[in-house]
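Here are the chains, one letter per residue:
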Amino acid sequence: MANSTAESTMRLEVFRYEPDKAAEPRFQTYEVPFRKDWVVLDALNHIKDQSDGSLSFRWSCRMGVCGSCGMMINGVPKLSCAAFLRDYYPNTIRVEPLSHFPVLRDLVFQLDPFLDKLKSVQPWIIRREGEKPVSEGEYLQTPAQHARFKDFSMCINCMLCYAACPVVGMEPHFLGPAAIALAQRYNLDSRDEGRDQRQETVASHDGIWQCTFIGECSAVCPKHVDPAGAIQQAKVESTIDWFKEVLWPFGGRKS
Amino acid sequence: MKPYIRPMPATWWLKRTPYLIFMLRELTAVFVGAYAVIFLVMIRRLNEGQAAYESFMASLRSPLAILFHVVALMFAVFHTVTWFHLTPKAMAVRIGEERVKPAMLIVPNYLAWAAISAIVAWFILG
């Protein structure tokens, strides 16, 4: 088997959408060399180089950091730079753009729906009185304070979690896993004072309460961010808010 | 340029095993709810007197009722176990910099389940 691998090939069934040519998408089959060290992205680049320059897809770092090359690979959202051909060989691999996003061309989809949601949670440090001047030094943080949000800060905005979430598919306005995980990342940051502002979006109708805890967002996350956990934890905290506000006699939110 | 919106098929939950498991977990609510309804009916019959209560208890011994209870029990156990195992996701308990191991949050659920079951069994059988 070892010496035959150089000649053996594999089939890729790739989603093609060319709005200038046809209103409906189709699948095109390509034959690519099977190499043990190749990932799906290598195969796509081989196709673009050698057989079909019209095939469009996004990629950049090819090492699982930039988050640009997410695709549906046999129906599962994956970074195509981390999906090895050898894990599918000798079967055909079906490559589609990430689910639930409007497709612009072939494997390229519209990012705006995600970017708008991300912006709406204000994923940056908010200080009520503005940031203190540099001359007063930095905001100090203990390792324990840092550990509270570190996992949620690993998000690379690859959007695999949106493609894995059926709620996103059914409720396009749902804020979605990554945006809520990032909101939680800043809410848990000891330097941040913006939770009340974020709650208006996060705890709204289109926020955490849409989530039915399917959990696939966390299962597909290449950076082990665990957005499903972030959302459930945000639900618990919002419920505590409600108890404080409505039931506690001296109520009101503490911050 | 017109973006293409892919339709979401009504059978989406049949496409991947994790989605199917999720749907089964959601379905367990029906059986857990049915248990509650049966219990309420039982209390009502009890209130109506001994004869009504005994005829209700006899109806629970029919093969159909037993079959329902076997299926309902399976779903109830599935419901319990899946939610037990999701507890660590919803509870981020930390000691210093380290997050408490998931098992530390799951095992107490099982212990509480066993303890409460034992108390109930002691009431009924004891």
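Residues numbered from 1 in each chain as written. Chains lettered and ligands numbered in written order. Predicted model: local features only at pLDDT ≥ 70, side-chain atom pairs only at ≥ 80, totals over all residues.

Draft legend 1. Quick peek at the overall build of chain B. Regarding its fold elements, chain B presents four helices and two strands. The C-alpha radius of gyration of chain B comes to 21 Å, more than 25% above the 14 Å expected for a compact globule of 126 residues. In chain B, which comprises 126 residues, the share counted as buried stands at 1%. Partitioning the intrachain contacts of chain B with sequence separation of at least 6 by distance along the chain shows that 44% fall at a separation of at least 24. (Helix = DSSP H or I, 4+ residues; strand = E, 2+ residues; numbered from the N terminus. Rg over C-alpha atoms; globule rule 2.2 N^0.38 Å. Buried ≥ 20, exposed ≤ 12 C-beta atoms within 10 Å, placed from the backbone. Contact = placed C-beta atoms within 7 Å.)

Draft legend 2. Just the interface of chain A and chain B, in detail. Residue-level contacts link 24 residues of chain A with 20 residues of chain B. For the side of chain A that touches chain B, the secondary-structure elements that each account for two or more residues are strand 6 (103-105), helix 3 (143-150), helix 5 (166-170), helix 8 (216-220) and helix 9 (227-247) of chain A. No other element matches helix 9 of chain A, which puts five residues into the side of chain A that touches chain B. Partitioning the side of chain A that touches chain B into residue classes produces 16 nonpolar, six polar and two charged. (Nonpolar A, V, L, I, M, F, W, Y, C, P; charged D, E, K, R; others polar.)

Draft legend 3. View of unusual backbone geometry. Following A:Tyr89, the chain continues to A:Pro90 via a peptide bond in cis, the omega torsion being 0°. Considering the arrangement of structural elements, one finds A:Pro90 in the loop between strand 4 (76-79) and strand 5 (93-97).

Draft legend 4. Fine view of the pairing of strand 4 of chain A. Direction of pairing for strand 3 (residues 70-73) of chain A relative to strand 4 of chain A: antiparallel, over a ladder of four bridges. In the sheet register, A:Ile73 faces strand 4 of chain A, and the bridge partner there is A:Val76. (Pairing = 2+ DSSP bridges.)

Draft legend 5. Up close: the domain arrangement of chain A. All names here are of chain A. Partitioning chain A into structural domains gives domain 1 (9-109) and domain 2 (112-247). One C-alpha centre belongs to domain 1, the other to domain 2; they are set 30 Å apart. Listed by partner, the interface residues are 15 residues for domain 1 and 13 residues for domain 2. Elements represented by at least two residues in the side of domain 1 that touches domain 2 include exactly strand 3 and strand 4. (Domains from an automatic or database assignment.)

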